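Each chain, letter by letter, is given below.
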Amino acid sequence: MKTTNLDYRIIADIIDREAHILDLGCGSGELLTLLISEKQAFVQGIELNDEEMHRCVEKGLTVLQGDIESGLIDYPDKSFDYVILNQIMQEIKKADFVIHEALRVGRRVIIGFPNFAHIKARLTLMFRGKTPINEALPYYWYETPNIRFLTIRDFIDYCVKNNIFIEQKYFLGKAKLIHVFPSLFALNALFVIKRNGD
Amino acid sequence: MKSDSLGTVSTQYFVFARPPDVLKLESGRSISPVTIAYETYGTLNEHKSNAILVCHALSGDAHAAGINTEDNSPGWWDGLIGPGKALDTDKYFVICSNVLGGCRGTTGPSSNDPQTGKPYALDFPIITVADMVAAQRHLIDSFGIETLLCVIGGSMGGMQALQWASAYPEKVRAAIPIATALKHSPQQIAFDEVIRQSIMADPAWRDGYYYEHGQPERGLAVARMIGHITFMSDQSMEEKFSRKLKNEKLSFQFTDDFEVEGYLRYRGNSFVKRFDANSYLYITKAMDYFDLSGDKFMPGVKKTSVKFLVISFKSDWLYPSYQSQDIVRVLKKKHASATYFDLTSTYGHDAFLVEIADETRLIRNFLANIKVN
């Protein structure tokens, strides 16, 4: 779930002109369409959902129907400038495996996810004893597609432990970037990561 | 969106490789002359840039759309081809031809051998999918078409689409291989061999020289029955027949008690009226020989601009989805723009002829992004 299209804006600014992009879980292809029009990017999407697939084809995108959790074996190492994992991590079972695969086939990986440690989420849990629901996490427990809940600090720890270099990081509020105490005030986080040594 | 039929259409004939010319075949042998039966729908534009070639499957023919003037039958892909349809004949010039080795107007084993004045029978050379496509190439050239906007087909038609892209990448802007494979698996070859053996085991086959006596009807009917089982899925058979009886109770005899038996018998018996047994042998052999796997696809080409839409169906166990995924894998190696869709259907391999709504949405959107020059 997107807070706004702020994340698209940031991603479009991050990538270079004519970059080769692989978007894992590309949805209806809005981000890829933006990257083509603004950066003349060469894009490829992977999506599982039938309806989203149809919408991608309608937009003229090159998209493969498949499950990213079964891996990206068809792609040689470093075959993309960027692999995008935007708002998909929280729905993936084999998150660790998918991140490693993304780092293998991409020179850089752009990864965006909702911050479970947002102040409102903390307060909801602390004082109301209820599962947080906010702009970035808009679902009740019984209907959410999210199977994992991670925070900005969780992700930074993960990168350190796995020898992953964080090149850029962005913390997103409702409509603008958050610069103060992002761990508390960011609804979403966006990282540009690469493998140390690459 | 309007969705009219094309109305009546008639099959036309194109003859090439007239003596002293010949059509050289992959086997090293040759045929002369060659007749191709074909139909066209829509109008070829001034730049000859709006042509779409439709390739048929094993038992198909040139009559892909409209109503045939001779027998009032609708084309085998009438739902997909016509004004306002996925292959929109208001926009595109659609061509479909009967394959080499066939028996529906194109030169094949039942055609007369000019040397003897009798049907070729087994003197007809073994042909391949590459030979079928080479023959189609002559037809396309005869229209003055330098580049096809798209080549599309299901099953063996999909093999031809792949062969076109592989052999003549500069002549194809887009290819849509549906429910097909880069090569037959041992399971697919095995089915084809059982199909061929059932024809050849019929004494009426007479080693292939049966034309004065009539078809090996029983063998061909059994061959077709086997085929039909492989075209359906467990689920589609359950939905269509379940264990329903033709009559209310069991006969306790070897008659066709169950509806599924009646259906297969009917399909087998009607097939022998329209299809030549030797053509079935030749064409299944061509499918078994087909192999564009690995480096055999687009040899020497590092990067291609041909755009691909690869489609499979989840319940198709004759040409399973993994074979289409193999196609995508080979396309990636050629840095081709490839879209792959594994459509949901319970119809098995037949889905490519049945799932018109999903195919229409997908193919129309895909083609809309390939601009006619």
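Residues numbered from 1 in each chain as written. Chains lettered and ligands numbered in written order. Predicted model: local features only at pLDDT ≥ 70, side-chain atom pairs only at ≥ 80, totals over all residues.

Pulling in residues and values, what's your account of the overall build of chain A?
Scanning chain A from terminus to terminus reveals seven helices and seven strands. Counting from the amino terminus, chain A carries its helices and strands in the arrangement α-β-α-β-α-β-β-α-β-α-α-β-α-β. Expected size for 198 residues packed as a compact globule is a radius of gyration near 16 Å; at 16 Å, chain A falls within 12% of this value. Residues counted as buried form 38% of the 198 residues belonging to chain A. Long-range contacts, defined here as pairs at least 24 residues apart, represent 62% of the contacts in chain A between residues at least 6 apart. (Helix = DSSP H or I, 4+ residues; strand = E, 2+ residues; numbered from the N terminus. Rg over C-alpha atoms; globule rule 2.2 N^0.38 Å. Buried ≥ 20, exposed ≤ 12 C-beta atoms within 10 Å, placed from the backbone. Contact = placed C-beta atoms within 7 Å.)

Which residues make up helix H8 (residues 321-333) of chain B, and what values go with them?
All names here are of chain B. Counted at 1.5 Å a residue, the expected span for H8 with its 13 residues is 18 Å, and the 19 Å between its end C-alpha atoms agrees. Those residues of H8 lying buried are Ser321, Gln323, Ser324, Ile327, Val330 and Leu331. Within two residues after H8, His335 carries a phi angle of roughly 50 degrees, on the positive side. (Expected span 1.5 Å × (residues − 1).)

Tell me about the pairing of strand E6 (residues 51-55) of chain B, and please be specific about residues and values.
Residue and element names in this part refer to chain B. With five of five residues buried, E6 is to be regarded as a mostly interior element. Residues Ala51, Leu53 and Cys55 of E6 are buried on one face, and the alternating residues Ile52 and Val54, pointing to the opposite face, are buried as well. As defined by bridge partners, E6 adjoins strand E10 (residues 93-97) across four bridges and the pair is classed as parallel. In the sheet register, Ala51 faces E10, and the bridge partner there is Phe93. As paired strands, E6 and strand E11 (residues 150-154) are joined by four bridges and run parallel to one another. Its bridge partner being in E11, Val54 is matched across the sheet by Ile152. (Pairing = 2+ DSSP bridges.)

For the interface of chain B and chain A, give the residues involved together with the corresponding values.
The interface of chain B with chain A comprises 15 residues on the first partner and eleven residues on the second. Only H8, strand E14 (337-343) and helix H10 (356-368) of chain B provide two or more residues apiece to the side of chain B that touches chain A. The element best represented in the side of chain B that touches chain A is E14 of chain B, accounting for six residues. Taken together, the residues that form the side of chain B that touches chain A break down as six nonpolar, five polar and four charged. (Nonpolar A, V, L, I, M, F, W, Y, C, P; charged D, E, K, R; others polar.)

Go over the packing of helix H3 (residues 186-200) of chain B against helix H4 (residues 217-231) of chain B with me, naming the residues and quoting the values.
Residues and elements named next belong to chain B. Here H3 crosses H4 at 160 degrees, and the two axes come no closer than 7 Å. In terms of orientation, H3 and H4 fall into the roughly antiparallel class. Read as a crossing pair, H3 and H4 show a hand that is right-handed. Facing H3, whose interface residues are Phe191, Val194, Ile195, Ser198 and Ile199, H4 presents Gly219, Leu220, Val222, Ala223, Ile226, Gly227 and Thr230. Grouping the amino acids of the contact of H3 with H4 by side-chain chemistry returns eight nonpolar, four polar and no charged. (Axes fitted to C-alpha atoms, helices over the stretch in contact; angles between N-to-C directions. Parallel < 35°, antiparallel > 145°, perpendicular 65-115°, else oblique. Left-handed = near helix turned anticlockwise from the far one by under 90°.)

Give me the lowdown on the environment of Thr128 of chain B, citing residues and values where you can.
Residue and element names in this part refer to chain B. One can find Thr128 in the loop between E10 and helix H1 (129-142). Residue Thr128 is classed as buried on the basis of its 24 C-beta neighbours within 10 Å. Setting aside its immediate chain neighbours within four residues, Thr128 contacts Glu26, Ala286, Tyr289 and Phe290.

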